[in-house]
Amino acid sequence: MKLTKTKSFKAFAGPAWTENPINMQMLGICSALAVTVQLKTAFVMALAMTFVVSFSNLIVSVMRNIIPSNIRLIVELAVIASLVILTDEILRAYMYDVSKLLSVFVGLIITNCIILGRAEGFALSNPPHLAFIDGLGNGVGYGSVLVSVAFFRELFGSGDIFGYSVVPETFYNAGYEDMGIMLLAPAAFIIIGLMAWLQKYLTTRDEE
Amino acid sequence: MPDQLKSIGFALAMCFVCGVLLTTAATALQEIQQKNMLNDRRKNILRSVDLISREKAYTPDEIARIYRENISKMAVSADGTIVSPDLAGPDKNLLPLYLFTENQNIQSYIIPIESQGLWGKIYAYMALENDGSTIAGFTVYKHSETPGLGGEIDTQWFQEKFEGKKIIDQTGNFVAVAIAKGEAEKKVPDQKLPHYVDGISGATLTGKYLTQGLQKTLSEYEPVSVAFRKNRLRCRMQEEQPWCETDETDQN
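Conventions we followed
- Residues numbered from 1 in each chain as written.
- Chains lettered and ligands numbered in written order.
- Predicted model: local features only at pLDDT ≥ 70, side-chain atom pairs only at ≥ 80, totals over all residues.
- Contact = placed C-beta atoms within 7 Å.
- Helix = DSSP H or I, 4+ residues; strand = E, 2+ residues; numbered from the N terminus.
- Nonpolar A, V, L, I, M, F, W, Y, C, P; charged D, E, K, R; others polar.
- Core = buried A, V, L, I, M, F, W, Y, C linked by C-beta atoms within 7 Å.
- Buried ≥ 20, exposed ≤ 12 C-beta atoms within 10 Å, placed from the backbone.
- Axes fitted to C-alpha atoms, helices over the stretch in contact; angles between N-to-C directions.
- Parallel < 35°, antiparallel > 145°, perpendicular 65-115°, else oblique.
- Left-handed = near helix turned anticlockwise from the far one by under 90°.
- Expected span 1.5 Å × (residues − 1).
- Pairing = 2+ DSSP bridges.

In this complex, chain A contributes 16 residues to the contact, which on the side of chain B involves 18 residues. No other element matches helix α4 (residues 72-94) of chain A, which puts nine residues into the side of chain A that touches chain B. When the residues that make up the side of chain A that touches chain B are grouped by side-chain class, the tally is 11 nonpolar, three polar and two charged.

See below:
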């Protein structure tokens with residue numbers, strides 16, 4: 001069997017590309033606007049989100065046969081919230097500066113609709129290994145959009161990449177200026193819009 | 001009925017497992033987190049007196065070294081006397097104060113600020129120059145204001161506006177420093193401009209609470225500011241236990 005035909009591959013590639021949570025399903029936009037001013041924060045946020053969504057999927061999937069269905073949403077939320085608090089504690093211990101920059105947005109991963117959506121829609125009805133891979137796929141799909149948006153915002157907004165300035169001094173001397181709007185939320189809207197358009201175009205062209 | 005019992009049992013077990021897990025994590029990481037917070041507070045103290053720049057990254061060791069070489073933690077009594085916290089003994093309503101000294105001369109004194117905010121407390125440092133009236137720097141190190149609105153109080157552009165502002169008016173009366181509702185130049189008369197900084201749009205209440213907090217804290221420290229203003233302080237910083245005394249004879 002070819003790798004691209006396996007269930008695991010589909011569980012990963014679906015959310016990572018064809019059903020990308022941000023570009024195709026328009027989920028999780030809030031945090032995508034807030035933490036994409038710099039690549040560093042976007043990257044850490046993507047890692048945190050991937051960790052939470054894959055492990056919440058795994059845990060919910062392991063327990064899927066014993067969770068009483070009348071309290072399943074509360075149980076899912078308890079799993080997600082515990083993982084998010086754990087992530088927050090770890091960030092505050094080992095990446096204090098980044099965690100200060102991310103401020104409330106780490107805590108707000110709890111309310112990110114991607115996570116509860118995957119727990120409810122996928123993990124409850126699939127075996128643990130597929131659920132975990134689906135979580136990874138969603139994390140990568142979400143993270144890749146976040147990092148690309150942050151790349152453009154940091155490059156055009158402050159002339160940096162990962163905090164190192166890349167726009168040569170001669171450009172500034174020749175009259176080039178950083179785009180202030182890139183540092184504000186509307187810029188993220190515009191970039192996400194353009195990316196969604198590009199991806200829709202590419203996927204429909206493939207189908208034809 | 002057994003179904004409901006099962007649900008309750010499951011929920012209780014869930015609570016127990018999550019609770020134990022999070023408590024373990026929080027306790028295990030507490031020490032490192034507190035170290036980070038101490039380092040962050042020191043970084044902000046140094047930043048308020050321009051000893052370190054915002055653009056450069058410093059290791060915790062560098063921060064600790066620069067802090068040790070330049071800053072001494074003191075205490076102030078209600079009448080404005082500065083004493084070493086070790087000599088002072090317990091309590092007696094002492095306020096904490098940090099001194100930035102260079103060649104045994106006090107360059108500026110740094111006041112820890114704890115103000116009410118819109119959603120939670122705002123923690124900051126305000127450095128005043130040794131003339132007792134000019135603000136040398138202002139840094140916010142902890143707050144829970146709305147990101148993008150009130151949260152802007154921890155940005156450089158807002159904090160830089162405080163530099164050079166005066167906490168006393170031309171006749172020498174204490175007025176503290178306030179945050180204007182909008183652009184200070186348009187909102188306040190010219191003669192009051194030295195006591196106002198530009199507000200943040202969308203963060204009127206944060207500005208209001210911080211103004212109140214600054215007013216309250218600065219008035220508590222007014223006795224020590226008066227001592228600096230009248231140039232009455234005699235300090236021995238080079239000694240093992242640094243101390244200051246107030247010279248009673250009027251210099252003017």
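What follows deals with the nonpolar core. Counting residues in hydrophobic clusters, the biggest one holds 50 residues, and the most contacted among them are A:M45, A:A48, A:M49, A:V52, A:L146 and A:V149. Mapped onto this core, the elements with two or more residues apiece are α1 (7-18), α2 (29-34), α3 (39-62), α4, α7 (113-121), α8 (128-158) and α10 (185-207) of chain A. Considering each element in turn, this core owes the most residues, 12 residues, to α3(A). Residue contacts for A:M45: discarding those within four places in its chain leaves A:S31, A:V35, A:L102, A:F105 and A:L146. Counting residues in each nonpolar core, the second largest holds 46 residues, with B:I82, B:Y125, B:V140 and B:Y196 among its members.

Further remarks concern the packing of α4(A) against α7(A). Residue and element names in this part refer to chain A. Closest axis-to-axis distance for the α4/α7 pair is 10 Å, and the angle between their directions is 135 degrees. One finds that α4 runs oblique with respect to α7. For the element pair α4 and α7, the recorded crossing hand is right-handed. Residues E76, L77 and I80 of α4 pack against I115, L116, A119 and E120 of α7. Split by residue class, the contact of α4 with α7 holds five nonpolar, no polar and two charged.

Glancing now at α3(A). Over its 24 residues, α3(A) runs 34 Å from end to end, which matches the ideal 34 Å to within 8%, given 1.5 Å per residue. With 17 of its 24 residues buried, α3(A) lies for the most part within the structure.

The next thing to look at is the sheet that holds strand β2 (residues 82-83) of chain B. All names here are of chain B. With antiparallel pairing, the six strands of this open sheet are ordered in space as β2-β1-β3-β4-β5-β6. Unpaired on one side and paired on the other, β2 and β6 (135-142) mark the two borders of the sheet. The pairing of strand β4 (residues 105-116) with strand β5 (residues 121-129) spans nine bridges and is classified as antiparallel. Each residue of the ladder has a partner; that of P112, found in β5, is Y125. Each of β1 (71-76), β3 (95-102), β4, β5 and β6 touches helix α1 (residues 2-48); the most contacted strand, β6, lies at about 160 degrees to it.

Residue and element names in this part refer to chain A. Relative to the elements of secondary structure, P15 occurs in helix α1. On the neighbour-count criterion, P15 (27 C-beta atoms within 10 Å) is buried. Taking C-alpha positions, P15 is 9.9 Å from R118, a pair spaced 103 residues apart along the chain. P15 has contacts with N20, P21, D134, G137, N138 and G141, leaving out every residue within four places of it along the chain.

Let us look at the packing of α3(A) against α8(A). Residue and element names in this part refer to chain A. Between α3 and α8, whose axes approach to 8 Å, the crossing angle comes to 165 degrees. As summarised for this structure, α3 and α8 are arranged roughly antiparallel, according to the angle between their axes. The crossing of α3 and α8 is right-handed. Across the contact of α3 with α8, the residue classes tally to 19 nonpolar, nine polar and two charged.

Residue and element names in this part refer to chain A. Here I114 lies in helix α7. Take I114: there are 23 C-beta atoms within 10 Å of it, and that puts it in the buried class. Taking the C-alpha atoms as reference points, I114 and M182, 68 residues apart in sequence, are found 25 Å from one another.

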